[in-house]
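Chain and residue survey
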Amino acid sequence: MNFDYSDKSIALQEKLKDFLETYVHPIEKEVELFHQNPENSWKRWPGMEALKQKAKNAGLWNVFLPSAYGELSPGLSNLEYAPLAEIMGRIIWSSEIFNCSPPDTGNMEVLAKYGNPDQQDKWLKPLLNGEIRSAFLMTEPDVASSDATNIETSIISDGNDYVINGRKWWSSGAMDPNCKIAIVMGKTNFDAPRHVQQSMVLVPMDTPGLKIERALSVFGYTDSPEGHAEIILDNVRVPKSNLLLGEGRGFEIAQGRLGPGRIHHCMRLIGMAQRSLEIMSKRTVQRKPFGRTLDTFSSIRQDIALSACEIEQTRLLVLSAADKMDKVGNKEAKDLIAMIKIVTPQMALRVIDRAIQILGGKGVGSDTPLAHFYAAARTLRLADGPDEVHMSQLGKSTINKYVKK
Ligand SMILES: Cc1cc2nc3c(=O)[nH]c(=O)nc-3n(C[C@H](O)[C@H](O)[C@H](O)COP(=O)(O)OP(=O)(O)OC[C@H]3O[C@@H](n4cnc5c(N)ncnc54)[C@H](O)[C@@H]3O)c2cc1C
């Protein structure tokens, strides 16, 4: 195992840190407050496009994408991208500046990997350019969606079209006025074997019959402008040319999509945890209960020491997963991907919780990013598969390694 960062990655890390320091840190609070103001719900912060252009000019664009796309992506490996995602994770809304935010990243990878040239021309190009945004519609309110084979949305063939009916929720990104395209997972054949009933189709957000029912919030955070929507698909008609890869291949695409997405979430979570550690460490020398500063209390030092240990342990595990994905592919790296998806959100929650505790009342308010970090990290014990599902798969795979059947 060699986790040394390449020169290319190191140079981009320095550039990214400088970019954030110069352009983003000074306005971090302003943007957070803009999005938390209900009057601005689903409005984009007016300075975002200018920042995106600056990032593009700086070569900090689409750095998540493993394939090179001319000027539009430097084509970094997962190992090279990992520290960059960690740096972006320090500011909850910053990934979009670099066109590296979910669900667009996963959707772009799907289109790059499984889209045909027409689909790529129509949807991948504007996504890579940051001109539009996208959503991924898999989860449904009426079925236990942690088991994707339960999905009930129907995608029925009708002449040259598919007609889609169903209800989706937790469709992240769908509230953004720039969200123009959704990848919808449903069933084209309810009678086929369990894992080949599903297909994925591209559905433009303005297709008649696609209706946003409501926006969902996470512990009160709307996550504007992207948001999380509940969506009704009522006789939504799209041409058959909008099908991705082929009928019955939806489950296969979902598996391919979620590997990189999971590792990106984990990298950003490490950035949140690392920043929380820095915030709590700085606070310890500023507060003086019972006659001495917090840094001199042994329980506080233990909290900080444990946090430092856990962040570094998890960081190394995530880098190991990234390295394995690069060397042997996402499928072979699936156990490591499951491990990081299980441990990273829980680690981040423990560290953020300690930081909140050390900051006292200030920790739960909106003067620091900690409360929002906590809400975001908590969702990642559910999103992209609940902990239990990953543990069940990892447990099964581990047993199989040691038991001859
Ligand atoms: C903030 C946020 C953003 C999201 N974004 C998207 C998105 O963009 N697109 C999208 O399609 N979905 C999205 N999701 C949905 C997310 O992926 C699902 O919530 C998740 O897969 C779980 O599905 P479910 O909610 O139907 O839970 P259920 O399937 O009802 O499961 C409920 C609970 O049952 C338990 N459980 C399930 N399986 C097992 C098992 N094998 N063993 C033991 N216990 C088990 C777990 O505790 C689980 O949390 C998002 C969710 C959140 C919170």
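Analysis parameters
Residues numbered from 1 in each chain as written. Predicted model: local features only at pLDDT ≥ 70, side-chain atom pairs only at ≥ 80, totals over all residues. Heavy atoms only, no water. Helix = DSSP H or I, 4+ residues; strand = E, 2+ residues; numbered from the N terminus. Rg over C-alpha atoms; globule rule 2.2 N^0.38 Å. Areas by Shrake-Rupley, 256 points an atom, 1.4 Å probe, with all protein chains shown as cover. Lys, Arg positive; Asp, Glu negative; His and termini not counted. Charge placed at Lys NZ, Arg CZ, Asp CG, Glu CD. Domains from an automatic or database assignment. Buried area = accessible area lost by both parts, 1.4 Å probe. Salt bridge = Lys/Arg side-chain N within 4 Å of Asp/Glu carboxyl O. Polar contact = N/O pair within 3.5 Å; in protein donor to acceptor, adjacent residues only side chain to side chain. Nonpolar A, V, L, I, M, F, W, Y, C, P; charged D, E, K, R; others polar. Expected span 1.5 Å × (residues − 1). Buried < 20%, exposed > 50% of the residue type's maximum accessible area, 1.4 Å probe, protein only. UniProt positions renumbered as here; feature names shortened; annotations may be inferred. Axes fitted to C-alpha atoms, helices over the stretch in contact; angles between N-to-C directions. Parallel < 35°, antiparallel > 145°, perpendicular 65-115°, else oblique. Left-handed = near helix turned anticlockwise from the far one by under 90°. Contact = heavy atoms within 4.5 Å. Pairing = 2+ DSSP bridges.

The next thing to look at is the overall build of the protein. A tally of regular secondary structure across the protein gives 12 helices and 7 strands. Radius of gyration (C-alpha) of the protein: 22 Å, near the 22 Å computed for a compact globule of 405 residues. C-alpha atoms of the protein, sized along the principal axes, occupy 80 × 60 × 45 Å. If you sum the accessible surface of the protein, you get close to 18,300 Å²; carbon and sulfur atoms cover 53% of it. A gap of 4 Å separates the mean positions of the 49 positive and 49 negative side-chain charges of the protein.

The subject of this paragraph is the domain arrangement of the protein. In terms of domain boundaries, the protein breaks down into domain 1 (7-128), domain 2 (134-248) and domain 3 (251-402). Ranking the residues of domain 1 by area buried against domain 3 places Asn-78, Glu-86 and Arg-90 at the top, with a combined share of 28%. The interface formed by domain 1 and domain 3 includes 3 salt bridges. The partner of Arg-90 in a salt bridge is Glu-278, with the nearest N and O atoms 2.7 Å apart. Applying the counting criterion to the domain 1 and domain 3 interface returns 9 residue pairs in polar contact (both at pLDDT 80 or more). Counting residues per element, the ones that place at least two in the side of domain 1 that touches domain 3 are helix H2 (28-36), helix H4 (78-89) and helix H5 (104-114). Taken together, the residues that form the side of domain 1 that touches domain 3 break down as 12 nonpolar, 9 polar and 7 charged.

With 26 residues, helix H9 (residues 334-359) should reach 38 Å at 1.5 Å per residue; the first-to-last C-alpha distance of 38 Å fits that figure. With respect to burial, H9 is a largely interior element, 19 of its 26 residues being buried. Where H9 ends, the next residue or the one after it, Gly-360, has phi of about 65°, a positive value.

Those residues carrying the UniProt feature "domain: Acyl-CoA dehydrogenase/oxidase C-terminal" (unreviewed entry) are residues 248-397 in this numbering. End C-alpha atoms of residues 248-397 are separated by 25 Å, and the span's content is 78% helix alongside 0% strand.

When two helices pack together, their arrangement is given by the angle between their axes and by how far apart the axes lie. Their axes nearest at 9 Å, the elements H9 and helix H12 (residues 387-402) cross at an angle of 140°. On the basis of the axis angle, H9 is oblique to H12. Where H9 crosses over H12, the two elements pack in a sense that is left-handed. Seen from H9, the contacting residues are Lys-334, Asp-335, Ala-338, Met-339, Lys-341, Ile-342 and Gln-346; seen from H12, they are Asp-387, His-390, Met-391, Leu-394, Ser-397 and Lys-401. Of the residues assigned to the contact of H9 with H12, the class counts are 5 nonpolar, 3 polar and 5 charged.

Enumeration according to the criterion identifies 29 salt bridges in this entry. For the salt bridge of Arg-133 with Glu-96, the shortest nitrogen-to-oxygen distance reads 3.5 Å. Taken together, the residues span a long stretch of sequence, with Arg-133 in strand S1 (residues 133-137) and Glu-96 in the loop between H4 and H5 at a distance of 37 residues. A salt bridge links Arg-381 to Asp-387; the shortest N-O distance between them is 2.5 Å. The exposure class of Asp-387 is buried, given its relative accessible area of 1%.

Across 5 bridges, the pairing between strand S2 (residues 154-158) and strand S3 (residues 161-172) is antiparallel. Its bridge partner being in S3, Ser-154 is matched across the sheet by Asn-165. Joining the antiparallel neighbours S2 and S3 is a turn of 2 residues, in which Gly-159 adopts a positive phi near 60°. The sheet contact formed by S3 and strand S7 (residues 228-239) spans 9 bridges and is antiparallel. Its bridge partner lying in S7, Asp-161 is registered against Pro-239.

Our next topic: the side chain of Lys-341. Mapped onto the secondary structure, Lys-341 falls in helix H9. Buried and unpaired, Lys-341 has no salt bridge, with Asp-387 as the nearest side chain of opposite charge at 5.0 Å. Setting aside chain neighbours within four positions, we find Lys-341 in contact with Arg-262, Cys-266, Leu-380, Arg-381, Ala-383, Asp-384, Gly-385, Asp-387 and His-390.

The next point concerns the packing of H9 against helix H11 (residues 370-379). Running from amino to carboxyl end, H9 crosses H11 at an angle of 155°, the nearest separation of the two axes being 9 Å. It follows that H9 is roughly antiparallel to H11 by the angle criterion. Between H9 and H11 lies a crossing whose hand is left-handed. Contacts between H9 and H11 pair Pro-345, Ala-348, Leu-349, Ile-352, Asp-353, Ala-355, Ile-356 and Leu-359 from the former with Leu-370, Phe-373, Tyr-374, Ala-377 and Arg-378 from the latter. Here the residues of the contact of H9 with H11 are counted per class, giving 11 nonpolar, no polar and 2 charged.

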